[in-house]
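For reference, the chains in residue letters:
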Amino acid sequence: MIISARGLRKDFTVNRKVGRFRRERHVVSAVDGVDLSVERGEMLGYIGPNGAGKSTTLKMLTGVLTPSGGEVTVCGLAPVAKRTTLARRIGVVFGQRSQLWWDLPLAESFSLLRHIYRVPDSDHAARLKMCSQLLALDEFIETPVRQLSLGQRMRGELTAALLHGPEVLFLDEPTIGLDVLSKQAVRDFLAGVATRGDTTVVLTTHDLADIEKLCRRLVVIDHGRVVHDGTVDELHARYRSRRVIVADLDTPWPDGLTLPGADVTSVTADGHRVTLALDGATAGEVVAALAGAVPLRDLSVQEPEIEDVIAKLYRS
Amino acid sequence: MPRVQLALTSAGFRRYATYRQATVAGAFTNTVFGFLRCYILLSVAATAGGTVAGYGGPELATYVWMGQGLLAVVASWDQLDLAERVRSGDVVADLLRPVDPLWTYLWGELGRACFMVLTRFLVPTLIGAIAFGLYRPQHAVTYALFALSTLAAVLISFCCRYLIGLSAFWLLDIRGVTVFWVFVSGFASGLYFPLAVLPGWLSTALWVATPFPGLMQGPLDVMVERGGIGNALLVCVGQVAWVGILLLVCKWAQARAVRKLVVQGG
C-alpha cells in the first residue's frame, strides 16, 4: 500500500466577530476522519464540492500541512516529518500554483530540477523525451515560463512533476481553466501514465470528465468525510441512476401504456416524445417492446450522467 | 562548487540577465544619482576644508560611486520572491522540493549578485573613475578584502530580506515591514551619508550592535582603506560573524514559519 490514511483530521481555528469588540474562537474541521488506502499503480479520483477538504487532504499527504489527528503514511513515510525525503519520491502539480521559474525558459527549469532532484543524466533525458513527445513541448520549451499560455504551462508543470520519476503523483485540479484541446492533451498524457502502471496518481478535480476518462476508482469527500469510495459504476448503482431511452413517435403515446422493465418518466411534445428509464430490462428488450407498441420515428439511448449522480451525492 | 549549487547560482544569474532594458535603465539611474551625490558631497568637503568626517576627495568619490554600484549588488531595496510566494501560496512548491528553501534562495541570490557586479556595479564605478578619479588602494590585499566584504554584504542583505519574507507567514502583507526596513537599512548602512558623520556614540552603536553598516559602509571603508588593513580585517570579521548569526536566525524563523504553515488560499 503506497498511501495509507486512517482517521485523518485537520481542524482550523477561526475567529468570528461577536458584537463590537468580542471575538469567538470556533474550530472548523476541514478534514474529519478520512480513511484512505491506495495501492501502488492505482489512479484515484478524489472529488468533492468547494471547501470539502480535498486540497487540505492533499497538503497533508504531501507533508505541507500537519494533521490535527489520525495516521498517514505515503511511500511508507510520515509526510510532515520526512517532507524532504518524501519530496524525492512524489511529484505534485497544483493547478493554480507554479513550480517553474517564472523568468527562465522551460528547458532551464527542467535542467534545474534535474540538479535539485539529483536525477542521472540518462534518466532525465529519457523522461524529458517521452514527455516532450506526448505533450508536444518542443514548440515552446525555449520560451520563458512567464510567456507561456496556461495550457502550455500546465504541460510544463506535469513534465516538471514527473522528471524525477516519482512513485506517486498528486494532481490538484490539473485541468482547471484549460481549453478543450489542452484538457484533452493532459488527459491523454495522464491516461498514458496510468497505463504504464509504475506511478500512482491521485487526482482532484471539479471536471468530472477527467474522472470518467481516467479513474476507475473514485473517492468522494464532502464536509471533510468520505461519502463514497468505489468505482464510478458502483456510484451509479448506489444512486440507482439509470440509462434512459428517448423515443419520438408518429402518434401520441397512449395513456396508461406501460412496458415491462422500464418506467415512463415523461411524455412531452403532445405525446409525441416519451422518455423511459430502464429498470431491469435491457435496452434491446425495451426498444423491441416499444417498436411493437407504437410507431417509432426516432430513438436515442442515453447513459446516466455522472454529474447528476455527484450532484445528488453532494446534496444528500 | 557542487553541481546543485552551481546550477542554482547560474539560474539566479540568468533570471536577471533576461531583463536587459531594466539593467540598462538601472545603471543609468545609478549613474545620474552618482553625479548628484558626488557633486553635493564634494562641495560639502570644499566648504569644510577638503574633507568630510575624515574622507578626502578621492575617498568621497569612491564612497559615492562604488556605493551607487553596490546598491544594486547588495539590493537591500528589492524584496525576495519569497514574500510574494508566501502570500500567493506558491511557497508550497518551494517546500515540496528536496532542498531547504533557505539555500535555494541563497544560491539564486548569489547568482543575481554576480550578474549585478558585472553590470550595475561596473558601469557606475567606471564612469565615476573616469569623471572624478577614485581612490587607489595602497595594498593589493585590499581588493581581496573588498571582494570578501562585498560577498558578506550580499549575504547580510539576503538574510535580512529572507527574514522579511518569512514575516509574511504571520503578516501576509509585509508592506509596513518593507517600508521600515528600507528606511532603517538606508540610514544605518551608510547609504545616504557616511556613518562617520553621525555622533560617535551612535555610529559605534550601529557598528557594534547592528548588521546594517555591513551592508554598505563596511565594503566601502575597506575599499578606501579607512583605518588601514587592521580595520578592514575587523570589518570583515564582523560582517562574517553577522552572516553566521543571521543565517541561524533565518533557519530558526523558517522552522517556526513552516511549523505554523497554513498555505493561503488553497
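Engineer: How do you make sense of empty space enclosed by the protein when you look at a structure like this?
Structural biologist: Rolled over the atoms, a probe as big as a water molecule pinpoints where empty space is left. For the structure shown, the criterion picks out 3 cavities of 30 Å³ or more. There is about 130 Å³ of room inside the largest cavity. Around the largest cavity, the lining comprises 17 residues; the ones closest to its centre are Val92, Val93 and Gln99 of chain A together with Ala93 and Leu96 of chain B. Put simply, the parts of the chain that give the lining of the largest cavity at least two residues each are strand S5 (90–94) and helix H5 (150–162) of chain A. Considering every element that reaches the lining of the largest cavity, the biggest residue donor is S5 of chain A, with 5 residues.

Engineer: Is there a simple way to think about the interface of chain A and chain B in this case?
Structural biologist: For interface size, the figure often reported is the accessible area lost on association. With 29 residues of chain A at the contact, the number on the chain B side is 27 residues. Interface area, chain A with chain B, both sides summed: about 2,600 Å², of which 60% is carbon and sulfur. Applying the counting rule to chain A against chain B returns 2 salt bridges. Salt-bridge contacts for Arg15 of chain B lead to Asp103 of chain A; the nearest nitrogen and oxygen are separated by 2.5 Å. Elements that contribute at least two residues to the side of chain A that touches chain B include exactly helix H1 (54–62), helix H2 (83–87), S5 and helix H3 (106–116) of chain A. If one sorts the elements of the side of chain A that touches chain B by residue count, H3 of chain A sits on top with 6 residues. Of the residues contributing to the side of chain A that touches chain B, the split by class is 13 nonpolar, 7 polar and 9 charged.

Engineer: What is the right way to read the layout of surface pockets from this model?
Structural biologist: When its volume is computed, the largest pocket comes out at roughly 1,100 Å³. Taken together, 50 residues form the lining of the largest pocket, with Arg15, Tyr16, Gln79, Asp81 and Arg112 of chain B sitting closest to its centre. Where the lining of the largest pocket is concerned, the elements lending two or more residues are helix H1 (3–17), helix H2 (20–47), helix H3 (57–74), helix H4 (81–88) and helix H6 (101–131) of chain B. Reported here for the second largest pocket is a volume of approximately 370 Å³. Residue lining of the second largest pocket: 22 residues in total, with Val80 and Arg83 of chain A together with Ala255, Val258 and Arg259 of chain B positioned closest to the centre. Its residues assigned to classes, the lining of the second largest pocket comprises 11 nonpolar, 4 polar and 7 charged.

Engineer: I keep staring at the packing of aromatic side chains and nothing clicks. Help me out?
Structural biologist: Residues and elements named next belong to chain B. By the definition in use, this model includes 13 aromatic pairs over all chains. Seen in terms of ring centroids, Tyr55 and Tyr63 are 6.3 Å apart; in terms of plane orientation they differ by 35°. Their pairing is tilted. For the residue pair Tyr55 and Tyr63, the accessibility class agrees, reading buried in each case. An aromatic cluster is built from Phe35, Tyr39, Trp65 and Phe132, whose rings are joined through pairwise contacts. A cation over a ring is seen here: Arg226 above Tyr55, with NZ or CZ 4.3 Å from the ring centre.

Engineer: Help me understand the environment of Arg15 of chain B in this model?
Structural biologist: With respect to the helices and strands, the residue Arg15 of chain B is situated in helix H1. For the pair Arg15 of chain B and Arg112 of chain B, spaced 97 residues apart in sequence, the C-alpha to C-alpha distance is 7.6 Å. Ignoring anything within four residues of it in the chain, the contact list for Arg15 of chain B reads Trp101, Asp103 and Leu104 of chain A together with Asp81 of chain B. For Arg15 of chain B, the side chain forms a polar contact with the side chain of Asp103 of chain A, separated by 2.5 Å.

Engineer: It is not clear to me how the sheet that holds strand S2 (residues 22–38) of chain A should be interpreted in this structure. Could you clarify?
Structural biologist: The strands that make up a sheet are held in pairs by hydrogen bonds between backbone atoms, and each pair lies either parallel or antiparallel. All names here are of chain A. Reading across the sheet, the 3 strands line up as S2-S1-S4 and stay open at both edges, with antiparallel pairing between neighbours. Of all strands in the sheet, those bounded by a partner on one side alone are S2 and strand S4 (69–74). For this sheet, the mean inter-axis angle between neighbouring strands, taken without regard to orientation, is 30°. In this structure, strand S1 (residues 3–18) lies alongside S2, joined through 14 bridges in antiparallel fashion.

Engineer: Explanation requested: H1 of chain B in the structure shown.
Structural biologist: An α-helical segment advances 3.6 residues per turn. Residues three or four places apart therefore align on the same side. Relative to the 21 Å expected for 15 residues at 1.5 Å per residue, H1 of chain B spans 20 Å between its end C-alpha atoms, a close match to the ideal helical length. Along H1 of chain B, the positions that sit buried rather than exposed are Val4, Ala7, Leu8, Thr9, Ala11, Gly12 and Arg15 of chain B. On its buried face, H1 of chain B sits against H3 of chain A together with H4 and H6 of chain B.

Engineer: Honestly, the environment of Gly165 of chain A in this entry has me stumped. Any pointers?
Structural biologist: Residues and elements named next belong to chain A. Inspection of the secondary structure assignment puts Gly165 in the loop between H5 and strand S6 (168–172). Its relative accessible area of 36% is what places Gly165 among the partly exposed residues. For the pair Gly165 and His124, spaced 41 residues apart in the sequence, the C-alpha separation amounts to 8.7 Å.

Engineer: Just to check I follow, could you spell out the sheet that holds strand S12 (residues 273–278) of chain A for this structure?
Structural biologist: All names here are of chain A. Strands sit in the order S11-S12-S10-S13 across an open sheet of 4 strands; the sheet is antiparallel. In this open sheet, the two edge strands, each paired with only one partner strand, are strand S11 (262–268) and strand S13 (296–302). Adjacent strand axes in the sheet meet at a mean angle of 20°, parallel and antiparallel pairs treated alike. By the bridge criterion, 6 bridges tie S11 to S12 in an arrangement that is antiparallel. When the sheet's bridge partners are listed, Thr268 is paired in S12 with Arg273. Lying on the sheet, helix H9 (residues 283–293) is in contact with strand S10 (244–249), S11, S12 and S13; it crosses S10 at an angle near 20°.

Calculation notes
- Here the residue numbers are simple positions, counted from 1 along each chain's written sequence.
- Lettering of chains starts at A and numbering of ligands starts at 1, both following the order in which they are written.
- Given that the model is predicted, a residue must reach a pLDDT of at least 70 before its local features are reported, and side-chain atom pairs must reach 80 or more before they are shown or counted; all residues, however, enter totals for whole chains, interfaces and linings.
- The side-chain quantities take in all heavy atoms of the structure and omit both hydrogens and water.
- Method remark: on a 1 Å grid restricted to protein atoms, a set of points is classed as a cavity if a 1.4 Å probe fits but cannot get out and as a pocket if it is open with protein on both sides within 12 Å along at least five of seven lines; lining residues have an atom within 4 Å of a point.
- Grid points are joined across faces, edges and corners, and a volume is the space filled by probe spheres set on the points.
- Going along the chain from the N terminus, every DSSP run of H or I of four or more residues is numbered as a helix, and every run of E of two or more is numbered as a strand.
- Throughout, a residue-residue contact means that at least one pair of heavy atoms, one from each residue, lies within 4.5 Å.
- By convention, the term buried area covers the 1.4 Å-probe accessible surface removed from two parts as they join, with the contributions of both added.
- When a carboxyl oxygen of Asp or Glu is within 4 Å of a side-chain nitrogen of Lys or Arg, the pair counts as a salt bridge.
- When residues are sorted by character, Ala, Val, Leu, Ile, Met, Phe, Trp, Tyr, Cys and Pro go into the nonpolar class, Asp, Glu, Lys and Arg into the charged class, and all the rest, Gly among them, into the polar class.
- For Phe, Tyr and Trp, where Trp contributes only its six-membered ring, two rings pair if their centres lie within 6.5 Å, and the inter-plane angle classes them as stacked under 30 degrees, edge-to-face over 60, or tilted in between.
- Burial here depends on accessible area, computed with a 1.4 Å probe over protein chains only, as a share of the maximum for the residue type. Under 20% is buried, over 50% is exposed, and the range in between is partly exposed.
- Should the NZ of a Lys or the CZ of an Arg lie within 6 Å of a ring centre and within 35 degrees of the ring normal, that charge is described as sitting over the ring.
- Think of a polar contact as two N or O atoms within 3.5 Å of one another; within protein, one of them needs to be a possible hydrogen donor and the other a possible acceptor, and neighboring residues in sequence only count if both atoms come from side chains.
- In this description, strands pair whenever DSSP reports at least two bridges between them.
- Whenever a helix is involved, its axis is fitted only over the stretch in contact; in every case the axis is a line through C-alpha atoms, and angles between N-to-C directions fall within 0 to 180 degrees.
- Every helix has an expected span of 1.5 Å times one less than the residues it contains.

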